Amino acid sequence: MSLLSDLINLNLSESTEKIIAEYIWIGGSGTDIRSKARTLPKPVTNPSELPKWNYDGSSTGQAPGKDSEVILYPQAIFRDPFRRGNNILVICDTYTPAGEPIPTNKRRAAAKIFSHPDVVKEEPWYGIEQEYTLLQKEVKWPIGWPVGGYPGPQGPYYCGAGADKAFGRDIVDSHYKACLYAGINISGINGEVMPGQWEFQVGPSVGISAGDEVWAARYILERITEIAGVVLSFDPKPIQGDWNGAGAHTNYSTKTMRNEGGYEVIKKAIEKLGLRHKEHISAYGEGNERRLTGRHETADINTFLWGVANRGASIRVGRDTEKEGRGYFEDRRPASNMDPYVVTSMIAETTILWKP
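Residues numbered from 1 in each chain as written. Predicted model: local features only at pLDDT ≥ 70, side-chain atom pairs only at ≥ 80, totals over all residues. Heavy atoms only, no water.

### Topic: the packing of aromatic side chains
As enumerated under the stated definition, the model contains twelve aromatic pairs in all. Plain terms: the ring middles of Trp 141 and Tyr 150 are 5.5 Å apart, the flat faces sit at 75 degrees to each other, and that makes the pair edge-to-face. Ring geometry for Tyr 150 versus Trp 243: centroids 6.3 Å apart, planes at 10 degrees, classification stacked. With Tyr 150 in the loop between strand 6 (125–136) and helix 4 (169–182) and Trp 243 in the loop between strand 9 (230–233) and strand 10 (248–253), this residue pair connects regions lying 93 residues apart in the sequence. Positioned above the aromatic ring of Tyr 181 is the side chain of Arg 79, whose terminal nitrogen or guanidinium carbon lies 5.9 Å from the ring centre. Geometry around Trp 354 places Arg 276 over its ring, the cationic atom sitting 5.3 Å from the centre. (Phe/Tyr/Trp six-rings, centres within 6.5 Å; stacked < 30°, edge-to-face > 60°. Helix = DSSP H or I, 4+ residues; strand = E, 2+ residues; numbered from the N terminus. Lys NZ or Arg CZ within 6 Å of the ring centre and 35° of its normal.)

Okay, structure coming up:
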């Protein structure tokens, strides 16, 4: 095993200029992450230098067997925390051989919104709070929970410390450092209200980069849990009953919101979000109705309301933003399994481009 470890950790730059690029894309369910690796002749720093590639879309639920080729377009590069050296992770989106985005390619439409001159001018910032649950591999039950049973009630676990309160911290800290190494703008981590549930935050990130960074961070977490023999779940309500669900609260601001008088701009943006509540909910993740019940720090899925410092609202405005008259707000509706390309671009479209 020590030899295997030595081989995995070989420093390729000592013997060759060649590097390994792990091409990453989103599979047919819209939530599964796929990847495969290829050798490149030398180090690369810009996605435009990378070749397009292809894969068998019939094996990912994205193409029929008789015409199965799907083309990968490299879009963002991150350092590879697993292979290290000059090796890279490459976030890709997916196209037909004719150059048309396939239905599960949500990045293309998001990039179009973020490249609109009115959106570019506003420099939309995002901070995404990605919650997730770690499950025991054999029984798909949260780690730290007795098999077939339940731990003590919620209360001591949020940001808790101790062997009876925090389960999986080695995985969480490994992920935190790996994301920093990769160049992802990860800004923090914490234990969540339900035991076995954690959160990491990405941002502030501008425009399309928020989606790229969240997907890269999810991929890295999938790989780390794979090594640890633990199952990663983004289910918005993994355990029924008196337990918190898992969301992806999305913090958002534009240049005018961050400037003097921005609070009035924020209130107008929230009003527009309320008018399109149903459209947003339908795009904010599968199974969200199990989470947005009006309990456990959520607003009911059919109700739109906002408030200052109110974690039971659809949209929360911070006390600092109210006091300073400018800042940002938090959309608390997205589920943990949401597509960050869809959510971030939809918020920008509704608040900047949409005319009621």
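Next comes the rest of the account.
### Describing the pattern of salt bridges
Under the counting rule described, the total for this entry stands at 16 salt bridges. Here Asp 164 and Lys 165 are joined by a salt bridge, their closest N and O atoms 3.1 Å apart. On the basis of relative accessible area, Asp 164 is assigned to the exposed category, the value being 52%. Overall, Lys 165 belongs to the partly exposed group, its relative accessible area being 27%. Across the pair Arg 326 and Glu 260 runs a salt bridge, and its minimum N-O distance is 4.0 Å. With Arg 326 in the loop between helix 9 (319–324) and strand 13 (329–331) and Glu 260 in the loop between helix 6 (255–258) and helix 7 (262–275), the pair connects residues that are 66 residues apart, well separated along the chain. Taking relative accessible area as the criterion, Arg 326 reaches 33% and is therefore assigned partly exposed. (Salt bridge = Lys/Arg side-chain N within 4 Å of Asp/Glu carboxyl O. Buried < 20%, exposed > 50% of the residue type's maximum accessible area, 1.4 Å probe, protein only.)

### Focus: the UniProt feature "domain: GS catalytic" (unreviewed entry) in the protein chain
UniProt's entry tags residues 106–356 with the feature "domain: GS catalytic" (unreviewed entry), counted in the numbering of this structure. Overall, residues 106–356 shows 37% helix and 19% strand. The separation of its end C-alpha atoms is 24 Å. (UniProt positions renumbered as here; feature names shortened; annotations may be inferred.)

### As for the environment of Glu 260
Residue classification places Glu 260 among the exposed residues on the basis of a relative accessible area of 68%. For the pair Glu 260 and Val 70, spaced 190 residues apart in sequence, the C-alpha separation works out to 47 Å.

### Regarding unusual backbone geometry
The amide bond that connects Gly 203 to the next residue, Pro 204, takes the cis arrangement and shows omega of 0 degrees. Within the secondary structure, Pro 204 is located in strand 8 (residues 197–206). Located in the positive-phi region is Arg 84, a residue other than glycine, with phi close to 55 degrees. Along the chain, the position of Arg 84 falls in the loop between strand 4 (69–79) and strand 5 (88–95). You will see that Ala 309, though not glycine, has its phi angle at about 60 degrees, which is positive.

### Considerations on the domain arrangement of the protein chain
Often, the extent of an interface is quoted as the loss of accessible area upon association of its parts. Structurally, the protein chain comprises domain 1 (4–104) and domain 2 (117–353). Using only C-alpha atoms to locate each centre, domain 1 and domain 2 end up separated by 27 Å. Between domain 1 and domain 2, the contact holds 17 residues from the first and 19 residues from the second. Between domain 1 and domain 2 lies a buried interface of about 1,600 Å² when both sides are counted; carbon and sulfur atoms form 73% of it. At the junction of domain 1 with domain 2, the criterion picks out zero salt bridges. (Domains from an automatic or database assignment. Contact = heavy atoms within 4.5 Å. Buried area = accessible area lost by both parts, 1.4 Å probe.)

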